[in-house]
Every structure is written in C-alpha cells, then in structure tokens.
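# Notes for the structure review
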Amino acid sequence: MEAAVALGVPAVEVRDRLAGFVSGVTRPFALRVQRQNALLYVRGLVEQGGRKSLQPTLFRLEQTPARYESMQQFVADSPWDPGLLVRGCAERVAPEISMVAWVVDDTGLVKDGRHSPGVKRQYSGTLGKIGNCQITVSAHAVGERGTLPLGWRLYLPEEWCDDLFRRRKAKVPDAVAFRTKPQLGADLCEQAAGWDVPRAPILADSAYGDDAGFRTSLAESELEYVVAVRAETSVYGPETSFAVPERNGSVGRPRTVARPDRKPESVLALAKRLPRRAWKTLPCRTTPTGEEIEGRFAFVRVVATNPVRNRHQPPRWEWLIIEWPPAAKAPSDYWLSNLSEHEPRERLARLARLRWTVELDYRQLKGELGLDHYEGRSYLGFHHHAALVSCAHAFLTLERLDPKAPRPA
C-alpha cells in the first residue's frame, strides 16, 4: 500500500487500520455487503497501482468476476447516500487538522464522448482552455495539519438539464435541476455547516466571489467568507452614507430601502485613490520551510453595489482587501470579506492568500487516488466514486499525522 511504503510500515498493519477506519465511517450503510464493497473499493484506491477505475483495480486485488458485478452495482446504482460517507469522514478527521478555512472551487475532469453526466465542451480552469470535460464543484477544509474534502456536486449545464433522454441514460434524478456553480458551492457550505465540524471562513476565487447571490447566501447562513473579486467589481466607498428617503407627498407606501448618497466606483478606482498611509506590509503566507512571505495590502470598509442596487437589500458593510505589490503598476488582487470590522489585518491577509492550497488537494485526489478515473455514466455513480475517494483521502491524512494510531471500528 502507498501509506505502508512511504512510512515503512508492514502493509498488513495499514490494512487493519484501514478496515477499522472504513468500518467506522460506513456505519450508516444499511447492508453489510455495502460496507464490504466500500472497504474493498477504498483499499483499491490507496494501494499502489495504475489507473483506479473499477476493472483494473479489482484485477490487481485478484477479485472474482462476481465481485466485479457486485461492485459495479454498488458504485453505479446502489441507493446509499454519498453525503453520509463524506460526513462521517469529515467528522472523524476534522478535529485532527486544526481547521483554518473552508475552500470552495471546481475542477475539470477530461472525458470522451457526450454521455457521461454533465460532459460537454466547456471552459476548465484545470485545462486552462475549453475542452470536453465534466466540472465538479467541491468544498474542502484546510487546516494547519492537513486538508479534507467536505463535499462534491457535479455541475450539470442547462442543456443537460433540459435533455430528458440524456438525463435518463445517465440516471440523473428528476429532482436535480440546473444550479450555477456558485449555487452548488453555497449548497455544499450550508450542508457542511450542519455537521459536527468546526466552522471556518470560506475562501473562493472570483468566479464565486463576483456572484452576489453566493456571498448573500453565505451571509444569510451566518457563514464567514473571504472571496476574490475582479477589479471591475462595483462598491460604495467608506465615505458613503445610507438613508431611507422620505415619502413623496402624503400618499403611497413609506419607503423602506436605504439609498446611498453617492455613486459607486470600481474597486480598482478606489484602490488608486487611497492615500499612501493606507498601505501596510504584512506577512501573508508561511512556506513549508517556515519562511514568511510578505505582501503590501490595504483594508477598506465598503458596501458591494449589486445587493443594494439590483436586489434592493439593506447595505452590508464588508472588508475590501487589496494587494498591490510595490513594483506593480496596479493592484494584483482584490477580496471581499464579511469578517468582523475588528478582525486583525494579518489574519485577513493570510486568509486571502490561503485558497491556493486546494490545488494540492486536487493534485492528490486525481493523481494518487483516481478522482478523475471514474468511467461509468451514472450521475449517482460519480458522486459515490467521489465520496469513496474522499474516504481514501481522509484515511491517508490520518496516516500521515499518526501512522501507528489504531482506527477503531
């Protein structure tokens, strides 16, 4: 097994600990055969070998054709809830990693053909271009001692949601309707917020941060966030006052929506007019070798324009965090955050720069554990596979933290 080879521990000891871990997190499964198949599948993911799709994995594990059929049904069609498995892993491992933040992101899974659920020619940040792929949205816990997947949602483009034939072929449940990626990300965060895991500020790139509905949904769920936004994002600056206008005349309903006393501006324009004293050089990242990386930041209280002007919501004061490297002609990054106005500036800077860690998660989930190796064409099957990959990831995290600790059933 990979863990055994890396740690110099006999494989049989690792398998015993793996069996104890999987037994504990699969307790909600209704049938013993489901628990047995889950253990075998996760064992195939963490053991050394090539492609992690079902047939070559079972071949390496020397399983019979009958077991292959049982496993295929377990992954593609069995009615167990993948969310319960991810939750079990999260509640077991989260206390061990010293939680710092949650990260929402998406990744592309290259696919051939057009029948795998959600597949189409679409832009993928993973590919850096348009390609034939699936996109899955995910949430991850990031801690001082490790990371942990908190959930997965396969993105279904509108053309897929409207195509009844392809939906039936891919076994997409009737209840699944079109959801944007930010909506899926917010759903995952709200789901995890109901688990027995520590809450933490949610980090996301501008594809999510620019979506006012995403930020509003998190705020209404009492979840904190630090999310990137583009330079064009419109805000009301710190000098703005909001007041409810007087009613015109003696008739009509009283007005209830607060109005600003000035026009909004882009975050780039605001950054350019800040005085020199607004900028501070702060440590914002610690490298694996312990080196402190610094950045030049400004922190301004603003109100995002969209919820106020387009959604007629009350103004919500937030932090605008701006990074402007000393030698650059313009700021490099912008973030909005609903953390407390008394939040230490260094913590805001560190959270803003922490999102990149999710790329390390994706690298392990794909390169080592086969997240992108699922070859079935079942919507539920993909989510089963992702949950089992998360289970393997959670076990290996515990192995790295304490390789000799028992994994009680």
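Not measured: the values here are computed from a predicted model. Within each chain, residue numbers correspond to sequence positions counted from 1 in written order. Thresholds applied to this predicted model are a pLDDT of at least 70 for local features of residues and 80 or more for the giving and counting of side-chain atom pairs; totals over whole chains, interfaces and linings are not thresholded and use all residues. Only heavy atoms go into the side-chain values, all of them from the structure, while hydrogens and water stay out.

## With respect to the packing of aromatic side chains
How two aromatic rings sit relative to each other is set out by the distance from centre to centre and by the angle between their planes. Stacked, edge-to-face and tilted are the three classes for Phe, Tyr and Trp ring pairs, Trp counted by its six-membered ring, which pair at centre distances within 6.5 Å; planes under 30 degrees apart are stacked, over 60 edge-to-face, the rest tilted. As enumerated under the stated definition, the model contains ten aromatic pairs in all. Aromatic pair phenylalanine 21 and phenylalanine 395: ring centres 5.9 Å apart, planes at 45°, arrangement tilted. In this pair, phenylalanine 21 is assigned in helix 2 (residues 11–25) and phenylalanine 395 in helix 16 (residues 379–401), connecting sequence segments 374 residues apart. With a 1.4 Å probe rolled over the protein chains alone, any residue whose accessible area is under 20% of its type maximum counts as buried; one over 50% counts as exposed, and the rest are partly exposed. For phenylalanine 395, a relative accessible area of 0% corresponds to the buried category. Summarising the aromatic geometry, the rings of phenylalanine 297 and tryptophan 335 are spaced 6.4 Å apart at their centres and angled 40° between planes, so their arrangement reads as tilted. Here the residue phenylalanine 297 occupies a position in strand 12 (residues 292–304), and tryptophan 335 occupies one in strand 14 (residues 333–337), the gap between them amounting to 38 residues. Helix and strand labels come from DSSP, where a helix needs a run of H or I of at least four residues and a strand needs a run of E of at least two; each type is numbered from the N terminus.

## Quick word on the nonpolar core
Phe21, Leu85, Trp102, Val104, Leu148, Leu150 and Leu388 are the most contacted members of the largest nonpolar core, which has 102 residues in total. With twelve residues, the single largest contributor to this core is helix 16. Throughout, a contact is declared for two residues whenever any of their heavy atoms are within 4.5 Å. Once residues within four sequence positions are removed from consideration, leucine 85 is found in contact with Val25, Thr26, Phe29, Trp80, Ala387, Leu388 and Cys391. Put simply, a nonpolar core is a bunch of buried Ala, Val, Leu, Ile, Met, Phe, Trp, Tyr and Cys residues held in one set by side-chain atoms that sit within 4.5 Å of each other. Counting residues in each nonpolar core, the second largest holds 16 residues, with Val229, Leu270, Ala271 and Trp279 among its members.

## Thoughts on the packing of helix 15 (residues 357–367) against helix 16
Two elements in contact, helix 15 and helix 16, have axes separated by 10 Å at closest approach and are oriented at 110°. The orientation of helix 15 with respect to helix 16, classified from their angle, is roughly perpendicular. Seen along the crossing, helix 15 lies across helix 16 with a hand that is right-handed. Residues Asp361, Gln364 and Leu365 of helix 15 form the contact with helix 16, whose own contacting residues are Val389, His393, Leu396 and Arg400. When residues are grouped by polarity, Ala, Val, Leu, Ile, Met, Phe, Trp, Tyr, Cys and Pro land in nonpolar, Asp, Glu, Lys and Arg in charged, and all others, Gly among them, in polar. For the contact of helix 15 with helix 16, a count of residues per class yields three nonpolar, two polar and two charged. Lines fitted to C-alpha atoms define the axes here, with helix axes fitted over just the stretch in contact, and angles between the N-to-C directions of these axes take values from 0 to 180 degrees. Angle categories are assigned with fixed cut-offs, so that under 35 degrees is roughly parallel, over 145 is roughly antiparallel, 65 to 115 is roughly perpendicular, and the rest are oblique. Each helix crossing is assigned a hand: it is left-handed if the near helix lies turned anticlockwise from the far helix by less than a right angle, otherwise right-handed if that turn is clockwise.

## Quick look at the pairing of strand 1 (residues 99–110)
The element strand 1 is largely enclosed, with a buried count of ten among its twelve residues. Strands are treated as partners if at least two bridges between them are detected by DSSP. In the sheet, strand 1 pairs with strand 3 (residues 129–143) via eleven bridges, with the strands oriented antiparallel. For leucine 109, the partnering residue across the bridge sits in strand 3 and is glutamine 134. Judged from the two bridges that link them, strand 1 and strand 5 (residues 202–204) form a sheet pairing that is parallel. Bridge pairing in strand 5 places tryptophan 102 opposite isoleucine 202.

## Description of helix 2
With 15 residues, helix 2 should reach 21 Å at 1.5 Å per residue; the first-to-last C-alpha distance of 21 Å fits that figure. Taken together, the buried positions of helix 2 are Val14, Arg17, Leu18, Gly20, Phe21, Val22 and Val25. What a helix should span is 1.5 Å times the count of its residues minus one.

## So, the pairing of strand 14
Across the five residues of strand 14, four count as buried, placing the element largely inside the fold. Pairing of strand 6 (residues 225–229) with strand 14, which is carried by four bridges, proceeds in the antiparallel orientation. Among the inter-strand pairings, valine 229 is bridged to a residue of strand 14, identified as tyrosine 334. Bridge count between strand 13 (residues 317–323) and strand 14: five bridges; the pairing is antiparallel. The residue of strand 14 that forms the bridge with isoleucine 322 is tyrosine 334.

## What to know about the packing of helix 5 (residues 65–76) against helix 16
Viewed as axis vectors pointing N to C, helix 5 and helix 16 meet at an angle of 100°, and their least axial separation amounts to 7 Å. Relative to helix 16, helix 5 is oriented roughly perpendicular. Between helix 5 and helix 16, the residues in contact are Phe74, Val75 and Ala76 and Leu380, Gly381, His384 and Leu388, respectively. Here the contact of helix 5 with helix 16 is composed, by residue class, of five nonpolar, two polar and no charged.

## Thoughts on the confidence of the model for the protein
In regions of low pLDDT, the predicted coordinates are not meant to be interpreted in detail. On average, residues of the protein score 90 in pLDDT, and 94% of them are at 70 or above. Every residue gets a pLDDT, meaning the predictor's confidence in that residue, from 0 to 100. Low pLDDT, under 50, characterises residues 2–9; the predicted model gives this stretch 17 contacts beyond four residues in sequence or across chains.

## Some remarks on helix 6 (residues 82–93)
Taking 1.5 Å of rise per residue, the twelve residues of helix 6 would be expected to cover 16 Å, and the 17 Å separating its terminal C-alpha atoms lies within 8% of that figure. Along helix 6, the residues classified as buried are Pro82, Leu85, Val86, Cys89, Ala90 and Val93. For helix 6, the buried positions fall inside an angular range of 130° around the axis, keeping them on one side. Those residues of helix 6 that are buried are in contact with helix 2, strand 4 (146–154) and helix 16. We define a polar contact as two N or O atoms separated by no more than 3.5 Å, with the added condition that, inside protein, one atom must be a possible hydrogen donor and the other a possible acceptor, whereas residues neighbouring each other in sequence contribute only through side-chain atom pairs. The opening residue of helix 6, the one whose side-chain oxygen lies 2.8 Å from the backbone nitrogen of glycine 83, is aspartate 81. This arc is taken over the directions from the axis of the helix to the C-beta atoms.

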